[in-house]
Amino acid sequence: MHNKSLFSVIVILFALSMSFAESDFGYMTDIISGESSPGCFSLVHNNHATPLYLDKSEYPAVVRAAQDLQLDIERVTSVKPLLLTTAISSNTPAVIIGTLGKNAFIDRLVQSGKINTESIAGQWESYIIAVVDNPLPNISKALVIISSDRRGTIYGIYEISRQIGVSPWYWWADVPIPHQDSLYVMPGSYHQGPPAVKYRGIFINDEDWGLHQWAIHTFEKHPKGIGPKTYEKVFELMLRLRLNYFWPAMHECSREFASIPENVELAHYYGIAAGASHCEPMLFNNTKWDEKKLGKWDYAVNRDTIYSTWQNYAQNRGDKEAVWTIGMRGIHDRGMQGVRDSKTRIATLEQIFADQRSLLDKYVTKEWGPVAQAFVPYKEVLSLYDAGLKVPDDVTLVWVDDNFGYIRRLSSPDERKRSGGSGVYYHISYYGGPHSYLWINSTAPALLWEEFHKAWENQAQTLWMLNVGDIKPAEIGIDYFSRFAWNADSFGPNSQPLFLRDFTAGLFGDRLARPIADLLAEFYRLGTIRKPELMVRTGWALSMPEAQAIQLRSDYKKLLETEADLAARIPDNYCDTYTQLVGFPARILASTGLIFMADRSIQFGDDVAANESEITRLRAFINSEVDNYNQNVASGKWNHMMPGAVTRKELIRWSSQVQWPWGEKPRPADAQPLTRNTSTRSWRPASSADRKSFYGKAQWTRIDGLGSTAKALALKPANIEYSWQQGDKYAPTLEFDFVTTDSADSNLLIDFLPTFRICPGMKLRVAVSIDDQPSILVEVPGSSGAENEYGRIRYNAVQSNCTQADVKLPELSPGTHTLKIQAVDPGIVIDRISLPQ
């Protein structure tokens, strides 16, 4: 290769690496320094902070965010800059903040050609941060934060806050803010946006045990809990994370969001697009609907009363930005009332659409663009949609997961032509059957990537909503989601370890980042095998092969020991943050796992006294950890956030939230002895394939952190354009070499992730063959998409994050063989396999 050609390749590779660095896991690359350099802008120097300037006509939401920047600079440097709306003083550097058309200073800069806004003009939530020389007469230098809309300007403001050292989690996770004497902005112009997903939101849900109790007793101090004081902190967090869309708490225990006018005004003041959940049509929470006074919540028999309620909401909230949920379900989160006949229900829903949209057209402002509308076909409504319900073309279809992190379906080719596009409503917290998981957030970021990236590939890009429960302890999942939704292209299949390293370095520094990230990776792997909320005496537990049980017990013990060693290395001022984000979740998962394994041993009669003693000790340890979280972390700031002691009484009160062995009846003394599973089958991670073939972009891709092996293989791309006929020689193929010693019929076991086929009319299959024999089609069990039929296969699959196919193979002679697994349908994820022996 010629030197010039080699140099060109190096330049290209460097450019690619720089492009990736620019994304910085969804954030702008670092432009702030504590040391001066040529051409830089002085934000704080020699105990002096450069003033911040806004125009009097600026959006109130931008002014409010600028006030946060003012406070953030003071938090970091102990110097508070002035925040001015007057003319800029001569010969004084200035930080100029504003939205195009709302700031005369910035409009003059644009008109004079001092700053180029082509990259953000007309773009959603896009912003520029630039150091500009001689921006105005007698002004030598300015730092300009500019956008074409209000939230873009707000995000630019908070980008400076983040880069000077104020974590988005400074309040919600008590992250310390390191002091700096000086702050400088590097010369140049930096651009971010538009975001990958237009509406990116969080849903506070199932708040009864955590956020609601905390608000009542600790923060809001109101007898009915969550209100404007809490929402103010929620909205600030969202904007610091560049989220823009919100579904408020809506359980019966909570005050209805709109019943407190200050809540609605606060969302508008912060610049948040208000919304409401799938069962809150027209932003109306019906949990307090009084059927004795108002009649049935059935549009077919009580149209006038329900219509007037929706009309009132459209009138009262029509002047503010929102995404309007349309359609109708039952009271709270129940199924539709009235006639159960699908044809009648479909006709009623289509009439509801027409009536709701006429109200939106009449009363809702177009200031923020066409009125955003979403339809969420959740539970029984999805069956109605699949039966022929016609949703207006400009309404966003929001597809749902199965409540456990696996998206039920995405848009078909015809649905992708709709102008309203599509999105996803997804859970990392859930209350309901077959089990709840509200206590500890153990959903791996790798699973978020696999499912949301599949959604992204299949054009579900308009709206992403994440059910986060009480926000705490879902902080890491929320952070990953918010970055991914902002810049989906910068997150690849290895994003979990890279994100965890980046996230922990930002909180605890580079020295501790790797060991904390590694601990979290193991926490998520073990949480994938079994969530701490579901340590129950089930067939899965008692039928587990003995070797696997021994290994799992060892893994739980090692996690607990590793965490204890790591906790001892955390500086005192970071202990509260560490406990909330890392220590407490890891301790709970490891301890509940050890209790689970001790109970399992008891069922087999193994050293009963010692195992019972172990359970008693671990229960006391968990109780003390819960008490510490509530009473000591951040000096009791989070008291009542973590549900109380793990006793039989509490288990009953929590209903199905937590199910552990001591919530179950002991086996009768005269019961037949249990039989151990002594299987010696060996397993291989799918990623250990001896050979992998690919065709074009299509290939089997290792997803770091996914599955029980933490390295499951997903077929990528996972969109409907990539499918193959059985035996297609161009289909991406995995090959595994193995040796059999005895000639006998045998079987192959494949552990898949319990994903669904991508859309109706498709399946989820692979083709399996041995040596040169004909292939066998294998469909992922439970993947057919029968939305309202859980069945035993899905019931078990979502609890173990695994669904197993048992493939009968032809008789094999002793010797060396090759197993081939060929792609057929997109969306397949293989975790591990067990070959014939």
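Described in the following lines is the structure provided in the data block. (Residues numbered from 1 in each chain as written. Predicted model: local features only at pLDDT ≥ 70, side-chain atom pairs only at ≥ 80, totals over all residues. Heavy atoms only, no water.)

1. What about the packing of helix H6 (residues 228-240) against helix H7 (residues 261-270)?
Next, step 1: The contact between H6 and H7 brings their axes to 10 Å, and the two run at 20 degrees. In this view, H6 runs roughly parallel relative to H7, as classed from their interaxial angle. Where H6 crosses over H7, the handedness of that crossing is right-handed. Between H6 and H7, the residues in contact are Pro228, Tyr231, Glu232, Phe235, Glu236 and Leu239 and Glu262, Asn263, Leu266, Ala267 and Tyr270, respectively.
Next, step 2: When the residues that make up the contact of H6 with H7 are grouped by side-chain class, the tally is seven nonpolar, one polar and three charged. (Axes fitted to C-alpha atoms, helices over the stretch in contact; angles between N-to-C directions. Helix = DSSP H or I, 4+ residues; strand = E, 2+ residues; numbered from the N terminus. Parallel < 35°, antiparallel > 145°, perpendicular 65-115°, else oblique. Left-handed = near helix turned anticlockwise from the far one by under 90°. Contact = heavy atoms within 4.5 Å. Nonpolar A, V, L, I, M, F, W, Y, C, P; charged D, E, K, R; others polar.)

2. Brief notes about the pairing of strand E28 (residues 815-823)
Next, step 1: Pairing between strand E23 (residues 733-740) and E28: eight bridges, direction antiparallel. Residue pairing in the sheet places Asp737 in a bridge with Thr818 of E28.
Next, step 2: Of the strand pairs in this sheet, strand E25 (residues 765-770) and E28 are connected by five bridges, and their pairing is antiparallel. By the bridge assignment, Ser769 is partnered in E28 with Lys820. (Pairing = 2+ DSSP bridges.)

3. Considering unusual backbone geometry
Next, step 1: For the peptide bond that leads from Lys472 to Pro473, omega is 5 degrees, which places it in the cis range.
Next, step 2: Tracing the backbone shows Pro473 in the loop between strand E18 (463-469) and helix H13 (475-486).
Next, step 3: At the junction of Lys716 and Pro717, the peptide bond is cis and its omega measures out at -5 degrees in the coordinates.
Next, step 4: One non-glycine residue, Ser78, lies in positive phi territory at about 70 degrees.
Next, step 5: Note that Ser78 resides in the loop between helix H2 (60-77) and strand E5 (83-84).
Next, step 6: Using a relative accessible area of 55% as the deciding quantity, one classes Ser78 as exposed.
Next, step 7: The phi angle at Met282 is positive, at roughly 60 degrees, despite the residue not being glycine.
Next, step 8: Following the sequence through the fold, Met282 ends up in the loop between strand E13 (273-274) and helix H8 (291-294). (Buried < 20%, exposed > 50% of the residue type's maximum accessible area, 1.4 Å probe, protein only.)

4. Looking at the environment of Leu589
Next, step 1: By the element assignment, Leu589 lies in helix H18 (residues 575-603).
Next, step 2: Residue classification places Leu589 among the buried residues on the basis of a relative accessible area of 0%.
Next, step 3: For Leu589, the contacting residues outside a window of four places in its chain are Ser442, Phe523, Leu526, Gly527, Pro532, Met535, Tyr556 and Leu559.

5. What to know about the packing of aromatic side chains
To describe a pair of aromatic rings, you give the distance between the ring centres and the angle between the ring planes.
Next, step 1: Scanning all chains against the criterion turns up 51 aromatic pairs.
Next, step 2: Measuring from centroid to centroid gives 5.5 Å for Tyr231 and Phe246, while their planes differ by 80 degrees, and the two rings are edge-to-face. Here Tyr231, found in helix H6, pairs with Phe246, found in strand E12 (residues 245-247); they are 15 residues apart in sequence, far enough to count as distant.
Next, step 3: Relative accessible area serves as the criterion here: at 1%, Tyr231 is assigned to the buried category.
Next, step 4: Between Phe235 and Phe246, the ring centres sit 5.2 Å apart and the planes meet at 90 degrees, which makes this aromatic pair edge-to-face. Placement of the pair is Phe235 in helix H6 and Phe246 in strand E12, with a sequence separation of eleven residues.
Next, step 5: By relative accessible area, Phe246 is classed as buried at 2%.
Next, step 6: An aromatic cluster is built from Tyr426, Phe452, Trp464, Tyr480, Phe481, Phe484, Phe491, Phe499 and Phe503, whose rings are joined through pairwise contacts. (Phe/Tyr/Trp six-rings, centres within 6.5 Å; stacked < 30°, edge-to-face > 60°.)

6. Describing the pairing of strand E26 (residues 776-779)
Next, step 1: Here four bridges tie E25 to E26, and the two strands are oriented antiparallel to one another. Of the residues in E26, the one forming a bridge with Ala767 is Leu777.
Next, step 2: Between E25 and the antiparallel strand that follows it, E26, lie five residues; Asp771 among them carries a positive phi value of about 55 degrees.

7. What to know about the pattern of salt bridges
A side chain of one charge can pair with a side chain of the opposite charge if their charged atoms are brought near each other.
Next, step 1: Taken as a whole and judged by the stated rule, the model has 42 salt bridges.
Next, step 2: Glu475 is the partner of Lys472 in a salt bridge, and the nearest nitrogen-oxygen pair spans 2.7 Å.
Next, step 3: On the accessibility criterion, Lys472 (2% relative accessible area) is buried.
Next, step 4: For Glu475, a relative accessible area of 1% puts it in the buried group.
Next, step 5: Linking Arg525 and Glu522 is a salt bridge whose minimum nitrogen-to-oxygen distance equals 2.9 Å. Of this pair, Arg525 and Glu522 both sit in helix H15 (residues 510-529), three residues apart, which is roughly one turn of the helix.
Next, step 6: Note on Arg525: relative accessible area 16%, which makes it buried.
Next, step 7: You can call Glu522 partly exposed: its relative accessible area is 24%.
Next, step 8: The structure contains a network of salt bridges with shared partners spanning Glu125, Arg150, Arg151, Arg200 and Glu321. (Salt bridge = Lys/Arg side-chain N within 4 Å of Asp/Glu carboxyl O.)

Purely geometric stuff here, so don't read any function into it on its own.
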